[in-house]
Amino acid sequence: MRNFAKGVLLGAAAIVGGTYHSVACTGISLTAADGSYIQSRTIEWAKGWLKSEYVVIPRGEKLQSFTPTGANGLRFESRYGVVGLSVVERGFIAEGINEDGLSAGLFFFPRYGSYKPYDIAHNDKTLADLQVVQWMLSQFATIDEVKAAVDSVDIVGLDYSSVVHWRIGEPSGKEVVMEIVEGRVNFYDNTIGVLTNAPGFEWHLANMCNYVNLHAGSANDNSLGNVILKPLGGSSAMLGLPGDFTPPSRFVRAAFFRNTAPIRATGFEAVLESSEGTRLEREARINAMINQLDGWRLNIILPDDDTRYITGRVRVKKIYNDLAHCSVQVTATCEPWRYNVEETSVI
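These remarks concern the structure in this document. (Residues numbered from 1 in each chain as written. Predicted model: local features only at pLDDT ≥ 70, side-chain atom pairs only at ≥ 80, totals over all residues. Heavy atoms only, no water.)

## What to know about unusual backbone geometry
Here's step 1: In this chain, A198 is followed by P199 through a cis amide linkage whose omega measures 0°.
Here's step 2: Its location among the elements puts P199 in the loop between β14 (194-195) and α4 (201-207).
Here's step 3: Backbone geometry at R111 places phi at a positive 75°, although glycine is not the residue there.
Here's step 4: By the element assignment, R111 lies in the loop between β8 (103-108) and β9 (126-128).
Here's step 5: Residue S235 is not a glycine yet carries a positive backbone phi of 60°.
Here's step 6: Along the chain, S235 falls in the loop between β16 (227-229) and α5 (247-260). (Helix = DSSP H or I, 4+ residues; strand = E, 2+ residues; numbered from the N terminus.)

## Considerations on the nonpolar core
Here's step 1: If you look at the biggest cluster of nonpolar residues, it comprises 42 residues, and the most contacted ones within it are V133, W135, M136, I155, W166 and I168.
Here's step 2: The dominant element in this core, judged by the number of residues it contributes, is helix α2 (residues 132-139), at five residues.
Here's step 3: Leaving out residues up to four positions away in the same chain, M136 has contacts with L102, A104, V146, W166 and I168.
Here's step 4: In terms of nonpolar packing, the next biggest core, distinct from the first, is built from 17 residues, L195, M208, F251 and A255 among them. (Core = buried A, V, L, I, M, F, W, Y, C linked by side-chain atoms within 4.5 Å. Buried < 20%, exposed > 50% of the residue type's maximum accessible area, 1.4 Å probe, protein only. Contact = heavy atoms within 4.5 Å.)

## Remarks on the sheet that holds strand β13 (residues 184-189)
Backbone-to-backbone hydrogen bonds join strands into a sheet, with any given pair of strands oriented parallel or antiparallel.
Here's step 1: Taken together, seven strands build an open sheet; the order of strands is β3-β6-β7-β8-β11-β12-β13 and the sheet is antiparallel. Where the open sheet ends on each side, the last strands, each with one partner, are β3 (52-57) and β13. With direction set aside, neighbouring strand axes in the sheet form an average angle of 30°.
Here's step 2: With six bridges joining them, strand β12 (residues 175-181) and β13 adopt antiparallel strand pairing. Bridge pairing in β13 places M178 opposite F187. (Pairing = 2+ DSSP bridges. Axes fitted to C-alpha atoms, helices over the stretch in contact; angles between N-to-C directions.)

## Quick look at the packing of aromatic side chains
The relative placement of two aromatic rings is captured by the distance of their centres and the angle of their planes.
Here's step 1: Evaluated as defined, the whole model comprises four aromatic pairs.
Here's step 2: For the pair W135 and F140, a centre-to-centre distance of 5.1 Å together with 85° between the ring planes defines the contact as edge-to-face.
Here's step 3: For F140, a relative accessible area of 10% translates into the label buried.
Here's step 4: Ring plane angle 35° and centroid distance 6.2 Å describe the contact between Y188 and F201, whose orientation is recorded as tilted. (Phe/Tyr/Trp six-rings, centres within 6.5 Å; stacked < 30°, edge-to-face > 60°.)

In structure tokens form, the structure reads like this:
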């Protein structure tokens, strides 16, 4: 276990320790006309292969957080089923959603965030920052529940330079950003619907005022002395939109693209609006997701009796596919027997 924990900590350090120039994450949320709420994001990683996998956490799974000294932190049991995408370690969920529709993701936040100092005496309530998404989604159904509980845990980084901030959303479209600065937890309403990396969220909002002249469509003609100036092409009112890949520029660009995008009729159409990549790349990701989830064997705790569980095997199949996007159907075929959650002995 000691060597395993050391490997996990080194993997976490590889993500965040001194490599912020190679990590770029951009999150965009969309709402469809039918009320559907969609969260999408990118994870750009320039340091080679990043171990990532699909994660399924059923209700009743026993979980434990890492600390800077090993796998000896907060213990908790999942109250809600969770699906997500992890990095490095199964518990490090970068983006996920639970069965009640609460969704959350983490974004690298170097130099501007800072946690309370790690105290080994408080390991029983210590939660690694890379496992906060796992904890939130497995324990809570609403943002208000997260706000009420976050002070009950000590959030720490697994590496001294490890700092992230979080985006949390509800099915209603309510969305907040959570940042920890000098050990203090701050929540900000995110009505602009995007998030990138450092600096802090309030700074990004203030920076948007530098682009007050930008808007959708084309600029009007203008006269300069006797010369009439005309736009050279469409969307000229967006002239000056930053095109580089720094977090401030990505935030501005994502905010304008998100808030000028057409409102689609359904959640599925909103997913298409927020997707990226070529058609073949999307098809490869779809197949990878299906192949990884299909056939999984899970223990499922039933809501009417949390002392017993049933065993089932997950099946995933496409129900729509246009070589670019698809929707999938997930089912579980379960055995007819119930098993005790706790081991029993017969004397």
